[in-house]
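# Close look at the chain arrangement
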Amino acid sequence: MTSDRSSNGSQSRTWLNKLSQMIGSEPQDKAQLIELLKDARQRELLGTDALSMIEGVLQVSDLRVGDIMVPRAEMVALKRDDPLEKILQIAVKSAHSRFPVTGDDKGEVVGILLAKDLLSFCIESGRRVFNIRDLLRSAVFVPESKRLDVLLKEFRASRNHMAIVVDEYGSAAGLVTIEDVLEQIVGEIDDEHDYDEGSGIFRRGDNAFSAKARTAIDDFNEHFGCNFPDDEFDTIGGLIVHELGHLPKRGESVELGPFRFTVMRADSRRVHMLNIEYLNPHDGLALTSGAADEH
């Protein structure tokens, strides 16, 4: 029995110690650790998917809520005084399971409504009087600066799936879900919270945008009124990788046309999210004015 315990103890070294011993080096910082993992992948000691997820885990501790949140302008929210018919229409059309409920303006989130709580109101017979205030659940508020690994831990402990992101003035700046955090680790998850094809571009300010790297170049051109070629690449991420000449890491940037593209999230296989800024801030303001005129 003692021998078995001794044997098990000798085999209980961490995967990192084992890996570094097999490869013959020991990482001194995160960058060296990633290189060590890539070396392990080349030696077929680690699978591609496993490497991608480990890189995602390492990146999560560097990212903040503000880096991945859905901006307020893109939130599918309900108004506290909306009639039941309008709320049901929005719920059915969006197919989301949770909705922020706002008060007098979109920056004032008064609670969260779960779509399943509306089911009883879809039955005509015996329908009770609808009062959204009776169905509201407390919203969780987090600052834009909160680290994603801390948020994920809080999500798991509280069993919440959504948090409202607030700015320095306490006004809602956007929202983040547990799925958004997990996507940083496992990659894109196609389900109810994903946006329709071609709508993966989000405004973050007068001169700041973010876009999913898989956004079609045609959709990007239509949104910004530009003419990037789409004969060689289908997505804006593919175009950026081509311009850089290599698969970029988070934080790398390139100037292309009127924009500066900065990689917000990437792994060993592909780019996931881009930050976009106009080189001339007035161009961003002009786009805002144009969008306002259209509405």
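Keep in mind the model is a prediction, meaning the values are calculated, not measured. (Residues numbered from 1 in each chain as written. Predicted model: local features only at pLDDT ≥ 70, side-chain atom pairs only at ≥ 80, totals over all residues. Heavy atoms only, no water.)

Attention now moves to a nonpolar patch on the surface. On the surface, Met53, Leu182 and Val186 cluster together into a nonpolar patch covering about 220 Å² of accessible area. Residue placement: leucine 182 occurs in helix H8 (residues 178–186). (Patch = residues over 30% accessible without salt bridge, like charges linked within 9 Å, V, L, I, M, F, W, Y side chains within 5 Å. Areas by Shrake-Rupley, 256 points an atom, 1.4 Å probe, with all protein chains shown as cover. Salt bridge = Lys/Arg side-chain N within 4 Å of Asp/Glu carboxyl O. Helix = DSSP H or I, 4+ residues; strand = E, 2+ residues; numbered from the N terminus.)

A separate point is a negative patch on the surface. Taken together, Asp218, Glu222, Asp230, Asp231, Glu232 and Asp234 make up a surface patch of like negative charges. Examined against the element boundaries, aspartate 234 turns out to sit in the loop between helix H9 (217–224) and helix H10 (236–244). (Lys, Arg positive; Asp, Glu negative; His and termini not counted. Charge placed at Lys NZ, Arg CZ, Asp CG, Glu CD.)

Turning our eyes to something else, we now look at the sheet that holds strand S12 (residues 271–278). Strands sit in the order S8-S9-S12-S11-S10 across an open sheet of 5 strands; the sheet is antiparallel. Each having just a single partner strand, strand S8 (201–203) and strand S10 (253–256) make up the two edges of the open sheet. With strand direction ignored, the average angle separating the axes of adjacent strands in the sheet is 25°. Pairing of strand S11 (residues 259–266) with S12 involves 7 bridges; the strand directions are antiparallel. Considered in S12, the bridge of threonine 262 is made with asparagine 275. Set on the sheet, H10 makes contact with strand S9 (208–212), S10, S11 and S12; between it and S10 the angle comes to about 100°. (Pairing = 2+ DSSP bridges. Axes fitted to C-alpha atoms, helices over the stretch in contact; angles between N-to-C directions. Contact = heavy atoms within 4.5 Å.)

Another aspect to go through is unusual backbone geometry. A positive phi angle is found at alanine 95, which is not glycine, with a value near 65°. Residue alanine 95 is classed as partly exposed on the basis of its relative accessible area, which comes to 42%. (Buried < 20%, exposed > 50% of the residue type's maximum accessible area, 1.4 Å probe, protein only.)

What follows deals with the packing of helix H7 (residues 148–158) against H8. H8 packs onto H7 with a crossing angle of 130° between their chain directions and a minimal axis gap of 10 Å. Classified by the angle between their axes, H7 and H8 sit oblique to one another. The handedness of the crossing between H7 and H8 comes out as left-handed. On the side of H7, the interface is formed by Leu148, Leu151, Leu152 and Phe155, while H8 contributes Ile178, Val181, Leu182, Gln184 and Ile185. For the contact of H7 with H8, the class distribution of residues is 8 nonpolar, 1 polar and no charged. (Parallel < 35°, antiparallel > 145°, perpendicular 65-115°, else oblique. Left-handed = near helix turned anticlockwise from the far one by under 90°. Nonpolar A, V, L, I, M, F, W, Y, C, P; charged D, E, K, R; others polar.)

Glancing now at the pairing of strand S6 (residues 162–166). In terms of burial, S6 is largely enclosed, as 5 of its 5 residues are buried. Of the two faces of S6, both are covered, the one formed by Met162, Ile164 and Val166 as well as the one formed by Ala163 and Val165. Each parallel crossover has a hand, and for strand S5 (residues 141–143) linked through H7 to S6 it is right-handed. Bridge count for S6 against strand S7 (residues 172–177) is 5 bridges, and the pairing is antiparallel. Among the inter-strand pairings, valine 165 is bridged to a residue of S7, identified as glycine 174. Between S6 and the antiparallel strand that follows it, S7, lie 5 residues; glycine 170 among them carries a positive phi value of about 85°. (Right-handed = clockwise from strand over helix to strand, strands pointing away.)

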